[in-house]
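Listed below are the residues making up each chain.
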Amino acid sequence: MESPANPKPDIHSEAFLHQLMRRQLRLSAACAVTFLIALLGLPLLNYFFPELMATRVFGFTLTWFILGVLFFPFVWIISWLFIKQSIALEEKEAKSVSRDGRDGSEGENL
């Protein structure tokens, strides 16, 4: 069996999956860095700005307000953005493969 001269791009190919995984890894790293900045930033803020972090906000010190109230929504937002961007990356890659691979056989059923 001979392979075609210009093979149709395949979303199940190693190259496609490797490229998609590399982009998702970059996205994961960006989300992880954002989370670590928030996680490590709070102790640093307490150390360098103790007066500011002792300020009362809604009956809590600013430290406890950030940790107890704002931290969880922040993590949810990071998670939501990661999922949204990850799905967008997959859709973008799939569209680029389907656009590049059009050869008139779009209506074929397997």
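Computed from a predicted structure; not experimentally measured. Going along each chain's sequence as written, the residues are numbered from 1 onward. It should be noted that, the model being predicted, local features are given only for residues of pLDDT at least 70 and side-chain atom pairs only at 80 or more, the latter also being counted only at that level, while totals for whole chains, interfaces and linings use all residues. Side-chain figures throughout are based on the complete set of non-hydrogen atoms in the structure, without hydrogens or water.

**So, the overall build of the chain**
Here comes step 1: Under the DSSP-based scheme used, a helix requires at least four consecutive residues in state H or I and a strand at least two consecutive residues in state E, with every element numbered from the N terminus. Within the chain one finds three helices and two strands.
Here comes step 2: Start at the N end of the chain and walk to the C end: the helices and strands fall as α-α-β-β-α.
Here comes step 3: Only protein chains enter the area calculation, which uses a 1.4 Å probe; residues under 20% of their type maximum are buried, those over 50% are exposed, and those in between are partly exposed. Taken across its 110 residues, the chain has 18% of its residues classed as buried.
Here comes step 4: For the chain, the share of sequence-separated contacts (at least 6 apart) that also reach a separation of at least 24 residues comes to 69%. Should any heavy atoms of two residues lie within 4.5 Å, those residues are counted as being in contact.

**Here's the deal with the packing of aromatic side chains**
Here comes step 1: Two aromatic rings, drawn from Phe, Tyr or Trp (for Trp, its six-membered ring), form a pair once their centres lie within 6.5 Å of each other, and the interplanar angle then sorts them: stacked below 30 degrees, edge-to-face above 60, tilted otherwise. Following the criterion strictly, the structure yields four aromatic pairs and no others.
Here comes step 2: Ring geometry for Y47 and F48: centres 5.0 Å apart, planes at 85 degrees, overall edge-to-face.
Here comes step 3: Taking 6.4 Å as the distance between ring centres and 80 degrees as the angle between the ring planes, the aromatic pair formed by F71 and F72 counts as edge-to-face.
Here comes step 4: Judged by relative accessible area, which is 14%, F71 ranks as buried.
Here comes step 5: Owing to a relative accessible area of 51%, F72 belongs among the exposed residues under this scheme.

**What to know about the nonpolar core**
Here comes step 1: Grouping buried Ala, Val, Leu, Ile, Met, Phe, Trp, Tyr and Cys residues that are joined through side-chain atoms within 4.5 Å yields what is termed a nonpolar core. In this structure, F16, L20, L27, C31, I78, L89 and V97 together form the largest nonpolar core, which totals seven residues.
Here comes step 2: For this core, the element with the most residues is helix α1 (residues 14–48), which contributes four residues.
Here comes step 3: Once residues lying within four places of it in the same chain are set aside, the contact partners of L89 are L20, R23, Q24 and L27.

**Describing a nonpolar patch on the surface**
Here comes step 1: A surface patch of nonpolar side chains, about 660 Å² in accessible area, is lined by L44, L45, Y47, F48, F49 and L52.
Here comes step 2: When you line up the elements, L45 lands in helix α1. To count toward a patch, a residue needs a relative accessible area over 30% and no salt bridge; like charges are then connected within 9 Å, while nonpolar side chains (Val, Leu, Ile, Met, Phe, Trp, Tyr) are connected within 5 Å. All accessibility values rest on the Shrake-Rupley procedure with a 1.4 Å probe; residue burial counts only the protein chains present in the view. What makes a salt bridge here is a side-chain nitrogen of Lys or Arg within 4 Å of a carboxyl oxygen of Asp or Glu, nothing more.

**A short note on the side chain of S86**
Here comes step 1: Along the chain, the position of S86 falls in helix α3 (residues 62–100).
Here comes step 2: What makes S86 buried here is its relative accessible area of 10%.
Here comes step 3: Non-local contacts of S86, meaning those with residues more than four positions away in its chain, are made with Q24 and L27.

**Concerning the pattern of salt bridges**
Here comes step 1: Counting across every chain of the model gives one salt bridge.
Here comes step 2: With a closest N to O distance of 1.8 Å, E93 and R23 form a salt bridge. Here E93, found in helix α3, pairs with R23, found in helix α1; they are 70 residues apart in sequence, far enough to count as distant.
Here comes step 3: A residue is classified by how much of its surface remains accessible, and R23, at 25% relative accessible area, is partly exposed.

**Considerations on the side chain of Q24**
Here comes step 1: Looking at the secondary structure, you find Q24 in helix α1.
Here comes step 2: Judged by relative accessible area, Q24 falls into the buried class, the value being 16%.
Here comes step 3: Pairs of N or O atoms are called polar contacts if they sit within 3.5 Å, as long as, within protein, a hydrogen donor faces a hydrogen acceptor (for residues adjacent in sequence, only side-chain-to-side-chain pairs). In this structure the side chain of Q24 is engaged in a polar contact, spanning 3.1 Å, whose partner is the side chain of E90.
Here comes step 4: Setting aside its immediate chain neighbours within four residues, Q24 contacts F82, S86, L89 and E90.

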